[in-house]
Amino acid sequence: MKGVIRLEALTRSYGATTAVDGVDLTVRAGELVTLVGPSGSGKSTILRLIAGLDRPDSGRVLVDGADVAGMPPHRRAVAMVFQDYALFPHLTVLGNLTFGPRVRRVRRAEADRRARQAAQRLGIADLLDRYPDQMSGGQRQRVALARALLRDPSVYLLDEPLASLDAPLRFATRADLLTLHRELRTTAIHVTHDQHEAMTLGDRVVVLAEGRIRQVGAPQQVYDEPADTFVAGFLGSPPMNLVPGGGVLGGDATLTVGVRPEDLTLDEAGTVTATVEAIEALGSEAVLLTRCPDGTRLTVRTGPRPGVAPGDEVRLRADRLHRFEAATGRRR
Amino acid sequence: MTRRPRPELTGWAFLAPYAVAVALLVAVPALLNVGYAVTDHTGLTRDPQFVGLANVRRMLDDRFLLDSLEASLAHVALAVPVRFVAAVGLGLLLAAPRPGGRWFRTAVYLPTVIPDVALAVLFLWVLNPLYGPLNQFLGLFGHAGYNWLADPTTARLAVVLMLAFPIGEGFVVVLAARRLLDGRLYEAAALEGCGPFGQLRRLTLPLLAPVLVLLAVRDIILTLQVNFVPAYVLTDGRPANATLYLPVYIFDQVFEFSGFAYGSLVTILLMLITTVIIIGLLLGVRRWRVLR
């Protein structure tokens, strides 16, 4: 099966900033991998290096075992969906979809047939005469996907494909993307800064910061066992409580101890005492912002209507503690 | 209690200075011009008499006007494409940031800053058959050179050559418009295997089409008019009326032959010709979706 991507010690700097710093990663054929990280973590640069839109300073990109250095983008059998879709504004949907086939000298009738097929698949068959500025964001996004589909690539590169959509549409499109990937079973690398997307969209998630990979794994595994304090703080909302030295959670100065907000429970027999400072009622759940006598702030996730008010003193039970080296931030 | 001015009045008030100037300096003279065209006004006397279509009848028999028309149309047919290709080509080549780019951009713009008359005098030297650099350059290839301004064909080419340099305005517009185009479109095209020429043909030119059409329209208007200075300084309409462009002919009629009324009529003809060419151009590019 084709579509295996291997990155070896991939490095790219722009002036003094190192955008990608020695990244090693293997993406298996047919896998959907999500690169997630804050802005400036190098995730989009990695996509561009794979696509051939940018050249690495050092390191290699291998597609199906072959080094693609020096290979122009269109030879690499990759299709890219850009964040703002990059549709050609002077062409109709049909013109946008047949652009690639026509450049590759496919006969017009055949190019039209393939374009209509792809449009059918993504439910935009009735939009073929529209121009990009006559469509909604969701429709444009489908056109961009259809254009990628027509490439029939070994790898799909999706650069924040959902970032420009509003929340309900993003939710629906996320599901559509998963369905599409399940049908196609083509390797896909998806970039996002949204941790919800990272958790839900992807067989594996790659957490990046400052151009380096912090952790690779199945989303739940990365969530349950974050490799360091950065990953612990980045994935999960509200983020994990991290207490340097352990403090109220117990431990010593060589440790930073973490606990997820949902692993803190209101419990009369709990060992941690804290005062409720604020309550965020989110409907299906509530988040308590509390402060311990030593000043440590702890975020607690509870069911809706927790039955406490700001100013109340509560006792908390902490389960599933995470221990990290204080010096390096690594998981112990 | 203070009364607030009505918003539409505010708008008109802001427009008024411009509207007054346009009326006094453009609209009224243009209407007067139409009026003069049906008189025997010489520009010297005070009481022009109405002569009906006498000037039009004169125009139909005017062999010099035919020469002038031919010269003007030939000039537009040659100068507009040359200037257009130069401005667009250089604009696109120099749009990308590259070392020394600003010096090249300055060099392209520089001739535009030079006054027309100065540029024309400079070209008198460039085109000089004995010591001019153009003939000396041709001499490097063993060519004897031309007596540029003495032969009808080369005289027309000489004027076009001179006007191929002051292209700075079109150049700057193309430069700015190209820089506004989204780089991702080019990346998307590159991913599809579209090379530099494919990108020029399939992306850059269609995306710039509205700007290019505007530039072409503007250059047609300009080219029909600005050849006055080079023609006047270089050739004075000669040889054999080869550079007797319409503006030169109008000037001769109005100020040299005291034919103010007839000159006015030729002005109207010049405007009509300009209009026809531009309508033709716009009809030709209708399918480009540039006039939405």
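A quick note: this is a predicted structure, and the numbers were derived from the prediction, not measured.

A.B. asks: If you had to explain the interface of chain B and chain A to someone new, which residues and values would you point to?
C.D. replies: Taken together, the 15 residues of chain B in the interface contact 14 residues of chain A. For the side of chain B that touches chain A, the elements supplying multiple residues, two or more each, are helix H9 (183-191) and helix H10 (196-226) of chain B. Ranked by the residues each element gives to the side of chain B that touches chain A, the list is headed by H9 of chain B, at six residues.

A.B. asks: So what's going on with unusual backbone geometry? Which residues, and what values?
C.D. replies: All names here are of chain A. Note the cis peptide between Ser-237 and Pro-238, where omega equals -5°. With respect to the helices and strands, Pro-238 occurs in the loop between helix H8 (229-234) and strand E11 (241-244). For Asp-64, which is not glycine, the phi torsion reads 50° and is therefore positive. Within the secondary structure, Asp-64 is located in the loop between strand E4 (58-63) and strand E5 (66-67). Not every positive phi belongs to a glycine, and Arg-305 is a case in point at roughly 50°. For Arg-305, the location among the structural elements is in the loop between strand E16 (297-302) and strand E17 (313-318). C-beta crowding within 10 Å serves as the criterion here: with 8 such atoms nearby, Arg-305 is assigned to the exposed category.

A.B. asks: Mind laying out the sheet that holds strand E3 (residues 32-36) of chain A, listing which residues take part and the relevant values?
C.D. replies: Residue and element names in this part refer to chain A. An order of E6-E7-E8-E3-E9-E10 is seen for the six strands of this open sheet, with the pairing classed as mixed. Sheet topology places strand E6 (78-81) and strand E10 (212-217) at the edges, where each strand pairs with a single neighbour. In this sheet, adjacent strand axes meet at a mean angle of 20° when their direction is disregarded. Across four bridges, the pairing between E3 and strand E9 (residues 204-209) is parallel. Considered in E9, the bridge of Val-33 is made with Arg-204.

A.B. asks: Outline the UniProt feature "transmembrane region" (unreviewed entry) in chain B, supporting the account with residue identities and numerical values.
C.D. replies: UniProt feature "transmembrane region" (unreviewed entry): in the numbering of this structure it lies at residues 12-32, 73-95, 107-127, 157-177, 207-228 and 260-285 of chain B. Between the end C-alpha atoms of residues 207-228 of chain B there is a gap of 34 Å, over a span that is 95% helix and 0% strand.

A.B. asks: Tell me about helix H8 (residues 168-180) of chain B, and name the residues and values.
C.D. replies: If you check H8 of chain B, its first and last C-alpha atoms are 18 Å apart, about what 13 residues at 1.5 Å a residue would give, namely 18 Å. If you follow the buried residues of H8 of chain B, they end up packed against helix H3 (63-93), helix H4 (101-113) and H10 of chain B.

A.B. asks: Outline the pairing of strand E1 (residues 5-14) of chain A, listing residues and values.
C.D. replies: Residue and element names in this part refer to chain A. Pairing of E1 with strand E2 (residues 17-27), which is carried by seven bridges, proceeds in the antiparallel orientation. When the bridges of E2 are listed, Ile-5 appears paired with Val-27. Between E1 and the antiparallel strand that follows it, E2, lie two residues; Gly-15 among them carries a positive phi value of about 60°. Relative to E4, E1 runs antiparallel, the two being bridged by five bridges. Bridging from a neighbouring strand, Thr-11 pairs with Ser-58 of E4.

A.B. asks: Outline the UniProt feature "domain: ABC transporter" (unreviewed entry) in chain A, supporting the account with residue identities and numerical values.
C.D. replies: The UniProt entry lists residues 5-235 of chain A under the feature "domain: ABC transporter" (unreviewed entry), expressed in the numbering used here. Structurally, residues 5-235 of chain A comprises 36% helix and 26% strand, and the distance from its first C-alpha atom to its last is 25 Å.

Calculation criteria
Residues numbered from 1 in each chain as written. Chains lettered and ligands numbered in written order. Predicted model: local features only at pLDDT ≥ 70, side-chain atom pairs only at ≥ 80, totals over all residues. Contact = placed C-beta atoms within 7 Å. Helix = DSSP H or I, 4+ residues; strand = E, 2+ residues; numbered from the N terminus. Buried ≥ 20, exposed ≤ 12 C-beta atoms within 10 Å, placed from the backbone. Pairing = 2+ DSSP bridges. Axes fitted to C-alpha atoms, helices over the stretch in contact; angles between N-to-C directions. UniProt positions renumbered as here; feature names shortened; annotations may be inferred. Expected span 1.5 Å × (residues − 1).

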